[in-house]
Amino acid sequence: MAKLDAIAAVELVGLPTAIEFADSALKAASVKLIGYEYSKGSGLVTVKLSGDVGAIKAAVEAGCICAEAVGRVWSKIIIPRPSRALEMLIFSKETVGPAHKPQVLTEAEAQEAEVQEDEAQEAESEDAEAQEEEAAQQDEEEAEQPVNEELDREREISCNLCNDLACRRKKGEPKSSCIHFND
């Protein structure tokens with residue numbers, strides 16, 4: 001469910017002008033083409049776009065500049081936050097374009113959708129953090145394991161009388177070799 005932040009309807013003279021407008025507008029900003037609609041008589045074609053307000057404004061301006069090189073821009077309108085009642089005009093049966101029509105959400109529905117998206121992103125970030133912590137803990141355990149094995153090996157070969165790692169006496173050597181022999 002996409003919330004329509006803004007829509008634009010641009011009326012152009014001739015299909016080549018409309019194609020040039022749509023191509024330039026879609027390349028200029030992140031907007032979606034709702035479709036186009038032929039007007040009865042006069043050769044007018046209406047191109048309809050949707051997206052956020054800033055993107056729509058940029059796309060319409062860029063599209064109009066390029067379309068003027070091919071033909072004539074008859075009129076244009078940008079509607080921020082269109083009313084749900086406009087759906088039947090925007091997505092009329094005469095509009096040629098994608099079969100899927102975006103659903104216009106009410107303010108409460110849009111806020112609820114945003115809250116759900118935020119919760120989903122927060123849950124994903126918490127999962128990622130937990131996985132990172134688990135991986136770090138595993139790395140620490142793996143890093144400690146060889147150190148512990150080395151210490152065990154040193155204890156095996158170090159003095160069995162004092163168990164001091166500083167003592168150079170090896171098992172089986174005379175007790176007098178132990179650094180703690182006189183203690």
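To be clear, the structure that these remarks concern was listed above.
As a starting point, this report considers the structure included with it. (Residues numbered from 1 in each chain as written. Predicted model: local features only at pLDDT ≥ 70, side-chain atom pairs only at ≥ 80, totals over all residues. Heavy atoms only, no water.)

If you trace the four strands from one edge of the open sheet to the other, you get β2-β3-β1-β4, paired in antiparallel fashion. In the strand order of this sheet, the two ends are held by β2 (32–38) and β4 (72–80), each with one partner. The average undirected angle you get between the axes of adjacent strands in this sheet is 15°. Where strand β1 (residues 6–13) meets β4, eight bridges bridge the pair, whose relative direction is antiparallel. What sits directly across from L12, in β4, is V73. The strands touched by helix α1 (residues 15–28) within the sheet are β1, β2, β3 (44–51) and β4, with β3 carrying the most contacts at an inclination of about 15°. Lying on the sheet, helix α2 (residues 53–70) is in contact with β1, β3 and β4; it crosses β4 at an angle near 180°. (Pairing = 2+ DSSP bridges. Helix = DSSP H or I, 4+ residues; strand = E, 2+ residues; numbered from the N terminus. Axes fitted to C-alpha atoms, helices over the stretch in contact; angles between N-to-C directions. Contact = heavy atoms within 4.5 Å.)

Under the definition given, this model contains one aromatic pair. Taking the centre distance of 5.5 Å and the plane angle of 85° together, the rings of Y36 and Y38 count as edge-to-face. Given the relative accessible area of 28%, Y36 is considered partly exposed. Here Y38 falls in the partly exposed class, since its relative accessible area comes to 47%. (Phe/Tyr/Trp six-rings, centres within 6.5 Å; stacked < 30°, edge-to-face > 60°. Buried < 20%, exposed > 50% of the residue type's maximum accessible area, 1.4 Å probe, protein only.)

This paragraph deals with the pairing of β3. Taken across its eight residues, β3 has eight buried, putting it largely inside the fold. Burial along β3 is two-sided: the residues L44, T46, K48 and S50 and V45, V47, L49 and G51 are all buried. Examined bridge by bridge, β1 and β3 share eight bridges and lie antiparallel to one another. Bridge assignment links E11 to a residue of β3, and that residue is T46. Here β2 pairs with β3 via six bridges, running antiparallel. By the bridge assignment, G35 is partnered in β3 with K48. Taking the residues between adjacent antiparallel strands as the criterion, β2 and β3 are bridged by five residues, where G41 takes a positive phi near 80°.

What follows deals with the nonpolar core. Grouped together as the largest cluster of nonpolar side chains are 20 residues, with contacts concentrated most on V10, L12, F21, V47, L49, I56 and V60. Those elements that provide at least two residues to this core are β1, α1, β3 and α2. Top contributing element to this core by residue count: α2, with six residues. Beyond its immediate stretch of four places on either side in the chain, V60 contacts A8, V10, F21, L49, K76 and I78. (Core = buried A, V, L, I, M, F, W, Y, C linked by side-chain atoms within 4.5 Å.)

A surface patch of negative charge is lined by E114, E117, D118, E119, E122, E124, E126, D127, E129, E132 and E133. Locating E119 in the fold gives a position in helix α4 (residues 107–157). (Patch = residues over 30% accessible without salt bridge, like charges linked within 9 Å, V, L, I, M, F, W, Y side chains within 5 Å. Areas by Shrake-Rupley, 256 points an atom, 1.4 Å probe, with all protein chains shown as cover. Salt bridge = Lys/Arg side-chain N within 4 Å of Asp/Glu carboxyl O. Lys, Arg positive; Asp, Glu negative; His and termini not counted. Charge placed at Lys NZ, Arg CZ, Asp CG, Glu CD.)

This part covers unusual backbone geometry. One non-glycine residue, R81, lies in positive phi territory at about 45°. On the secondary structure map, R81 appears in the loop between β4 and α3 (87–90).

On the secondary structure map, A55 appears in helix α2. Look at A55 and you get buried, because its relative accessible area is 13%. Spatially, the C-alpha atom of A55 lies 5.3 Å from that of A29, the residues being 26 residues apart in sequence. Among residues more than four places away in sequence, those in contact with A55 are A29, S30 and V31.

Keep in mind these values describe shape, not function.
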